[in-house]
Amino acid sequence: MLPCKLALKNFLSYGENVPPLDLEGIHVACLCGANGHGKSALLDAITWALWGRARDSRDDELVRMHRPEMEVSLEFLAGGNRYRVLRRHTRAAGRRPARTELELQLGDGTTFHPLTGASVRETQAKIIETLKLNYETFVNSAYLVQGQADRFTLKPPGERKDLLASILGLAAYERLAEEARAKAKERAASIAAREGRLAELEAEVAQTPAAEEEHGRALALVADLAAELKQVQARADQLGVQAEALRQQQERLRELRGQAQRAARELNEAEVQARWHRERSASYEAVVARAAQIAGVFARLQAARQEYEALNQRLAALRERERRQAERERAIQAARAALEQKLAVASHRAQQAREQANRRPQLERDLAAARAASEALATLERQAQEQAAEAAALAAAVQVAQRSLALVQQQEQETQDKLQLLGHAQARCPLCERELDADSQDSLHRKLQAEQQSLRAEQQSLEAEIKSQGAQRDAARASAEALQARLRKEGPGLERRAGSLETELAGALQAQEQAAALESEASALQATLDRGDYAPAEQRDAALLRQEIAAIGYDRQAHAELRQRVEELAPAEEAHRRLEEARRRLPEEQDALGRVEAQAAGRRQAQAELAARSAGLQKEVEAKAGVEGALATARGELADLQKRHGAAQAWRGQVQERLRTLEHQAQERDAVARQLAQARDDLLTYELLAQAFGKGGIPAHIIEAAVPEIEAEANRLLARMTDNRMHLDIQTQRERKSGGAIETLDIRVSDELGTRPYELFSGGEAFRVNFALRIALSKLLARRAGAPLPTLIIDEGFGTQDGAGRERLVDAINAIQDDFQRILVITHLDDIRDAFPVQIEVTK
């Protein structure tokens, strides 16, 4: 992963409108600036954008104080492609929970296209797949995090080996081992199941001869019953033909009786229709007899309706003019209301402007007080910086004293060991191994005791010095933190207060100029209202419409009386309609009456003929009962034989199915035997694979092969940084006290004092070992990836080195710069900053 461009908003100490950090074209660069100005925050932003993690801080703790959300955008190169990842986080507020958004995009040279998954988890998986490494691998190889350079070396030996396996990508072998063990477990279960099934099948197939004998008996019984069934079936068929002929005659008789019933119903319907037509003809004749009376009333109704329509037209004209007059009145009122509104707004604005102008003296006094408070805070900030510098100097002095104390304690222990050696009967010199006489032994004993007392006195002095300087350091830190807390609490409020007062003062000056103009505008609007000088066209139209309304002459009383007369004469219209209908329908009803009477006469004759035919068929059907009794007896015998024949066929079918089942079971037995042999072969294969893919198999060989490469590269850098004083050795196995070997990853370091475990080193020496190992891990990871590792990031750590150590550390970085496409070094030390060609200044 090669970072190219970083943009962040409201992340830790960074606010809004922060210019992006563009790393294009940079090979080796130094991020420099004072402590606390946000250098490490830039790298936290990179890891948070890619993995959602930053020095084990929760997302809400990374959001800038008093801001609801943060956002980081990172463009980077990976696998020959350019990508952009965008991560946002919003704090929880009220009932709204915290929310994180994550986007991944692929660039094509001109724009970016989305690769975002359906969820944050799915998108994160795509990012890790693209980068080919997770956060733990990154911070244990390519990124030396501030205060965590020993992250790899301080882990217990067993965890170191697991972490090295993760860096080397050996987790895939563990997954393969788990899969092989799962497959072996499946095969073992399958073998047990198949062995049981094979025993069951063997027992079933042994029953085949008995089933074949039973099948022969079933075939003989089915043949005997089939012959008897054929004879009874013939007799039943003959009786069935006779019974069917009689049933047809009976059916014909039922049809004739049904026809007779329908004829009776139709005759009744014809008689009913005849009565209905006679009644309607009589009603129509009565209406025609009143024709003259109905026509006279209808003529009076039409005349009244014509007069009523004329009055309706006058009323419509009147209402149209009244509507237009109302519109003009509303327009006049709206014009007056608009002027009154303008007058109210102008008066209110004039009053506000006058009140704002009157606040000018007080605002000038408040602004002067705010500026004085800001100057006082500036003095506090200088005091806080001085206290922080004093605390840092005291902390460095404490570290020096602690290292001196450790050395004195070691010397005192060595002196104690020498005294113990002198306590033996045949004592030897601890330095030259020469045997000592009594006087020499006593002299050397006194000398060592004096030396031990001196060392103990020096140890007590150093402990007192450490305690005193530690107390002074803590006091200076507490003072600096208190001042910083006060600055954080009061500073932003004072700045906002001064800016607000300056804005209000400028507004007061402007309001003083506006007040007179607004008061003049209000006076002019009041005069216009008093004269009624508004909506002249609408006022003229309203006067004309009042004249037209008076000229129409509409009589409301006459209109109401005419409406009542029309309503009284309205039934004449229905009477006239019935008269016209009677004249039209009377001839039709008379013709229909003749037709219906003729139909009734024909249906009476048909009814008599059907009764005579039914009597003849009734005599033929009376012989049906005897034939049906004989047929029922034959069918009973037939049903019994069919039942017995069906049972015999079912028995035969069951035996045949049993034979087919036994045949299939014999085939299955052979197949299960073959599958059992294959499963046993597979079980052996998967057990071998689980052993090969386990920690003691292929991964152990890969780590054994990688350790010499890590060791050689780390020693090359360590020799350069220590002038060949230090050398490390990595051991992958350790002898148990009870016998046998244990898997581990011990680090032993040699210097001019001898060989000791890494854990006994501290300060600058430990950092140099950490640095060498971390660079070796990074280069190993790059070589296994098949391409140069793009990025190396070193965050501080130089403060533990003396001048010569820092020079050698810079030389080591320059020596490996060709192995990386981009190296970023973070420091606040001037001599380190000046050693690099590109410097990126970070200012709070």
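Please read these numbers as outputs of a predicted model, since none were measured by experiment.

Trainee: How do you make sense of the overall build of the chain when you look at a structure like this?
Mentor: Of regular secondary structure, the chain possesses 18 helices and 14 strands. At 57 Å, the chain has a C-alpha radius of gyration far larger than the 28 Å of a compact globule built from 844 residues. Based on the C-alpha atoms only, the size of the chain along its principal axes is roughly 170 × 130 × 50 Å. Of all 844 residues assigned to the chain, the portion counted as buried reaches 35%. For the chain, long-range pairs separated by at least 24 residues make up 75% of all intrachain contacts whose partners lie at least 6 apart in sequence. When the accessible area of the chain is evaluated, it comes to approximately 48,800 Å², of which 50% is carbon and sulfur surface. Here the chain carries 121 positive and 131 negative side-chain charges, and the mean point of each set is 6 Å from the other.

Trainee: How should I be thinking about the packing of helix H8 (residues 291-358) against helix H11 (residues 536-552) in this particular structure?
Mentor: Put simply, H8 and H11 touch, their axes get as near as 9 Å, and they point 160 degrees apart. Classified by the angle between their axes, H8 and H11 sit roughly antiparallel to one another. Considering the relative orientation of H8 and H11, their crossing is left-handed. Here H8 contributes Arg314, Ala317, Leu318, Arg321, Glu322, Arg324, Gln325, Arg328, Glu329, Ala331 and Ile332 to the contact with H11, which in turn contributes Glu538, Gln539, Asp541, Ala542, Leu545, Arg546, Glu548, Ile549 and Ile552. Taken together, the residues that form the contact of H8 with H11 break down as 8 nonpolar, 2 polar and 10 charged.

Trainee: Explanation requested: the environment of Ser57 in the structure shown.
Mentor: Secondary-structure assignment places Ser57 in the loop between helix H1 (39-51) and helix H2 (59-62). Given the relative accessible area of 28%, Ser57 is considered partly exposed. The spatial distance from the C-alpha of Ser57 to the C-alpha of Arg67 is 17 Å, given a sequence separation of 10 residues.

Trainee: Sorry, what's going on with the packing of aromatic side chains here?
Mentor: What characterises a pair of aromatic rings is the spacing of the ring centres plus the angle enclosed by the ring planes. With the rule as written, the count across this model stands at 4 aromatic pairs. Ring centres 6.1 Å apart and planes at 65 degrees place the aromatic pair Trp51 and Tyr135 in the edge-to-face group. Residue Trp51 is located in helix H1, and its partner Tyr135 is located in helix H4 (residues 135-139); the two are separated by 84 residues in the primary sequence. By the burial criterion, Trp51 is buried, and Tyr135 matches it. With 6.2 Å between their ring centres and 45 degrees between their planes, Tyr173 and Phe693 make a pair best called tilted. With Tyr173 in helix H6 (residues 171-205) and Phe693 in helix H14 (residues 624-693), this residue pair connects regions lying 520 residues apart in the sequence.

Trainee: Would you take a moment to explain the sheet that holds strand E5 (residues 81-90) for this structure?
Mentor: Paired through backbone hydrogen bonds, the strands of a sheet run either parallel or antiparallel to each other. One open sheet accounts for 6 strands, arranged E2-E1-E4-E5-E6-E7; its pairing is antiparallel. Both outer strands of the open sheet, strand E2 (21-22) and strand E7 (112-114), are each paired with one neighbouring strand and no more. Sheet analysis places E5 next to strand E6 (residues 99-107), joined by 8 bridges and oriented antiparallel. Bridging from a neighbouring strand, His89 pairs with Thr100 of E6.

Trainee: How should the sheet that holds strand E13 (residues 822-827) be read in this particular structure?
Mentor: The sheet built from 5 strands is open, its strands ordered E8-E12-E13-E3-E14 with parallel pairing. The two strands at the open ends of the sheet, each matched to only one other strand, are strand E8 (143-144) and strand E14 (838-841). Where E8 and strand E12 (residues 791-795) come together, 2 bridges link them in parallel fashion. Each bridged residue has a counterpart across the sheet, and for Tyr143 the counterpart in E12 is Ile793. Packed onto the sheet, H1 meets strand E3 (28-32), E8, E12 and E13 and runs at close to 135 degrees relative to E13.

About the criteria used
Residues numbered from 1 in each chain as written. Predicted model: local features only at pLDDT ≥ 70, side-chain atom pairs only at ≥ 80, totals over all residues. Heavy atoms only, no water. Helix = DSSP H or I, 4+ residues; strand = E, 2+ residues; numbered from the N terminus. Rg over C-alpha atoms; globule rule 2.2 N^0.38 Å. Buried < 20%, exposed > 50% of the residue type's maximum accessible area, 1.4 Å probe, protein only. Contact = heavy atoms within 4.5 Å. Areas by Shrake-Rupley, 256 points an atom, 1.4 Å probe, with all protein chains shown as cover. Lys, Arg positive; Asp, Glu negative; His and termini not counted. Charge placed at Lys NZ, Arg CZ, Asp CG, Glu CD. Axes fitted to C-alpha atoms, helices over the stretch in contact; angles between N-to-C directions. Parallel < 35°, antiparallel > 145°, perpendicular 65-115°, else oblique. Left-handed = near helix turned anticlockwise from the far one by under 90°. Nonpolar A, V, L, I, M, F, W, Y, C, P; charged D, E, K, R; others polar. Phe/Tyr/Trp six-rings, centres within 6.5 Å; stacked < 30°, edge-to-face > 60°. Pairing = 2+ DSSP bridges.

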